[in-house]
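# Examination of the molecular architecture
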Amino acid sequence: MILSLAAAAAMSSGSGGSFNSSPLDPFDSSTSWSLGEDFSNSSSEPFARTVTPDYQPAATAVAVQEVSPWDIALCVTGTLISCENALVIAILFYTPTLRAPMFILIGSLAVADLLAGLGLILNFVFTYLIDNSLEFVTLLSVGLLISAFSASVFNILAITVDRYLSLYNALTYHTERTVTFTYMMVVFIWVSGLTLGLLPALGWNCLRDETSCSICRPVTKNNAVALAVTFLLVFALMMQLYLQICKIAFRHAQQIAVQHQFLAISTTKGVSTLSAILCAFGACWLPFAMYSIVADSSYPMIYTYATVLPATCCSVINPIIYAFRNPDIQKSLWMACCGCVPSNLSLRPRTSSDV
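Residues numbered from 1 in each chain as written. Predicted model: local features only at pLDDT ≥ 70, side-chain atom pairs only at ≥ 80, totals over all residues. Heavy atoms only, no water.

Filter applied, for reference: UniProt positions are given in the numbering used here, feature names are shortened, and annotations may be inferred rather than shown by experiment.
The name given to the protein chain in an unreviewed UniProt entry is G protein-coupled receptor 185 b, with the source organism recorded as Oryzias melastigma. According to the UniProt record, the Subcellular location (unreviewed entry) comment for the protein chain is "Cell membrane". The annotation that UniProt attaches to the protein chain under Sequence similarities (unreviewed entry) is "Belongs to the G-protein coupled receptor 1 family."

As structure tokens, this is what we get:
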């Protein structure tokens, strides 16, 4: 997906200069010659005549592909994404107590975002260090990015479903059936993500017909619209689930009216947190989804970069929202870093929906 943006930007910036490695041709009109006479020789012998080529700077300058600052920003973002999510995966892997359904989904989200970050880094390498004109390189980069980001979005939806079920079926949430359902969701997420990523390699690309390209070459316009509409449906479903979560939370607060002030403050804080999560997700992905629907390859490349970069930043925010805010993961992180746990974390009870 991102590889086509960098290739187009590099071709437009690098077309102004070229390098001619062929031998000097006296009949080549691009090379001018000058006749120089050495008048400093005052002897009686004929003065020496030298014929030297007068090189033009444009003809001898080596064409260096200019690095786009947008690609640098995407590469840096990918590096940050990879480091954050690698830390989350390491914590979940080396902490045996973190095996609840919500941690399975957090780990799946971290793997998806890690692959997305590596995809952004590989995109930079393929663009500036490897011949990106090869179809295999283009399709590999695009397929990896589509699969990773699609799995990331689907994992966020699955975490939202898990939050809803933890409140709606609080008594049966920790049963074996819930664990089986969680694994089924993870399998469905990755099968869907890999299927979407393989579509360009299976022929859904515009390598043979440039007029059908979307804003992200070689993804076709129809394929990009389908992905954008799928995201909008996922976002609408998340909004509905979060609305139901808020209703359940307020209903529980009214039923357990023991400490009115505390419950009101706690419920309000929870609703504010859910609103911030939903707004952050929408702010990152909505601009790119809407732009993918209305734009095509003829639109200026800077607009595509300006919408792609916030979408990739969602994978930077995900570990902070879904992993590092969790008290159990915070305890494991403190134990790994300094071998101790702050008192405010050790005394805080864990809730099934605290993700």
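### Things to note about the overall build of the protein chain
Under the convention used in this document: The secondary structure listing takes helices from DSSP runs of H or I that are at least 4 residues long and strands from runs of E that are at least 2 residues long, numbered from the N terminus. A 1.4 Å probe and the Shrake-Rupley method give the accessible areas. Residues count as covered only by the protein chains that appear here.
A count of helices and strands for the protein chain gives eleven helices and two strands. Going from the N terminus to the C terminus, the protein chain shows its helices and strands as α-β-β-α-α-α-α-α-α-α-α-α-α. In the structure as shown, the protein chain presents an accessible area of about 19100 Å², 68% of it carried by carbon and sulfur atoms.

### Brief notes about the confidence of the model for the protein chain
Where we set the bar: Across the chain, each position has a pLDDT score giving the predictor's confidence in that residue, from 0 to 100. Throughout, a residue-residue contact means that at least one pair of heavy atoms, one from each residue, lies within 4.5 Å.
For the protein chain, per-residue confidence averages 79 on the pLDDT scale, and residues scoring 70 or more make up 73% of the total. Below a pLDDT of 50 lies the segment residues 10-63, which in the model reaches 40 contacts outside its immediate sequence neighbourhood of four places, other chains included. Contacts for the low-pLDDT stretch residues 351-355, under 50 throughout, to residues beyond four places or in other chains number 20 contacts.

### Here's the deal with the side chain of Ser-152
Using the following cut-off: Between N or O atoms, a polar contact is any pair within 3.5 Å; within protein, one atom must be a potential hydrogen donor and the other a potential acceptor, and residues adjacent in sequence are included only when both atoms are from side chains.
Summarising the element assignment, Ser-152 is placed in helix H5 (residues 135-168). Among the polar contacts made by the side chain of Ser-152, one reaches the side chain of Asp-113 at a distance of 2.7 Å. Sequence-distant contacts of Ser-152, defined by excluding residues within four places in its chain, comprise Leu-109, Ala-112, Asp-113, Ser-315 and Asn-318.

### Overview of the UniProt feature "transmembrane region" (unreviewed entry) in the protein chain
When the UniProt feature table is mapped onto this chain numbering, "transmembrane region" (unreviewed entry) sits at residues 70-95, 102-130, 136-161, 181-204, 224-250, 271-290 and 302-324. End C-alpha to end C-alpha, residues 70-95 measures 38 Å, and it is 92% helix and 0% strand. Between the C-alpha atoms that bound residues 224-250 there is a distance of 39 Å. The span itself is 100% helix and 0% strand.

### Brief notes about the state of the cysteines
As a reminder of what qualifies: When two cysteine sulfur atoms lie within 2.5 Å, the pair is treated as a disulfide. Here's how the labels work: a residue is buried when its accessible area is under 20% of the maximum for its type, exposed when over 50%, partly exposed in between, all with a 1.4 Å probe on protein chains only.
This structure, assessed with the given rule, holds one disulfide. Sulfur-sulfur distance for the disulfide between Cys-206 and Cys-213 comes to 1.9 Å. Every disulfide takes its handedness from the sign of the S-S torsion; for Cys-206 and Cys-213 that torsion is 100 degrees, giving right-handed. For Cys-213, a relative accessible area of 2% corresponds to the buried category.

### A closer look at the packing of helix H4 (residues 101-128) against helix H9 (residues 301-323)
Using the following cut-off: For helices, the fitted line uses only the C-alpha atoms of the stretch in contact; every axis is such a line through C-alpha atoms, and the angle between N-to-C directions lies from 0 to 180 degrees. Roughly parallel covers angles under 35 degrees, roughly antiparallel covers those over 145, roughly perpendicular covers 65 to 115, and oblique covers all other angles. Working rule for handedness: look at the near helix, and if it is turned counterclockwise from the far one by less than a right angle, call the crossing left-handed; if clockwise, right-handed. The residue classification treats Ala, Val, Leu, Ile, Met, Phe, Trp, Tyr, Cys and Pro as nonpolar and Asp, Glu, Lys and Arg as charged. All others, Gly included, are polar.
Remark: H4 packs on H9, axes separated minimally by 10 Å, with the N-to-C direction vectors making an angle of 155 degrees. Looking at the two axes, H4 sits roughly antiparallel to H9. In this structure, the crossing between H4 and H9 has a hand that is left-handed. Here H4 contributes Ile-106, Leu-109, Asp-113, Ala-116 and Leu-120 to the contact with H9, which in turn contributes Thr-312, Ser-315, Asn-318, Tyr-322 and Ala-323. Residue classes in the contact of H4 with H9 are distributed as six nonpolar, three polar and one charged.

### Quick notes on the nonpolar core
To be explicit about the condition: Side-chain atoms within 4.5 Å are what join buried Ala, Val, Leu, Ile, Met, Phe, Trp, Tyr and Cys residues into a set we call a nonpolar core.
Membership of the largest hydrophobic core comes to 64 residues, with the highest contact counts inside it found for Phe-281 and Trp-285. Taken together, the elements giving at least two residues each to this core come down to helix H3 (69-93), H4, H5, helix H6 (176-198), helix H7 (221-255), helix H8 (260-294) and H9. In terms of residue count, H5 provides more of this core than any other element does, eleven residues in total. Not counting chain neighbours up to four residues away, the residues in contact with Trp-285 comprise Phe-149, Val-153, Phe-231, Ala-311 and Cys-314.

### Thoughts on the environment of Val-111
As for its placement among the helices and strands, Val-111 is situated in helix H4. Put simply, Val-111 and Ile-89 are 22 residues apart on the chain and 7.2 Å apart in space, counted from C-alpha to C-alpha. In contact with Val-111, not counting residues within four places along its chain, are Ile-89 and Trp-190.

### Some remarks on the packing of H5 against H9
The contact between H5 and H9 brings their axes to 11 Å, and the two run at 30 degrees. Between H5 and H9, the crossing angle belongs to the class labelled roughly parallel. Taken as a pair, H5 and H9 cross one another with a handedness that is left-handed. Of the residues in H9, those in contact with Phe-149, Ser-152, Ile-156, Ile-159 and Arg-163 of H5 are Thr-312, Cys-314, Ser-315, Asn-318 and Tyr-322.

### Looking at the packing of aromatic side chains
Stated precisely, the cut-off is as follows: By convention, a stacked pair of Phe, Tyr or Trp rings (six-membered ring in the case of Trp) has centres within 6.5 Å and planes under 30 degrees apart, an edge-to-face pair has planes over 60 apart, and any other such pair is tilted.
Tallied over the full model, the rule gives eleven aromatic pairs. Note on Phe-231 and Trp-285: the rings are 5.9 Å apart at their centroids and 45 degrees apart in plane angle, and the pair reads as tilted. Here the residue Phe-231 occupies a position in helix H7, and Trp-285 occupies one in helix H8, the gap between them amounting to 54 residues. Relative accessible area serves as the criterion here: at 10%, Trp-285 is assigned to the buried category. An aromatic cluster is defined as three or more aromatic residues linked by ring pairs; in this entry it consists of Phe-149, Phe-231, Phe-235, Phe-281, Trp-285 and Phe-288.

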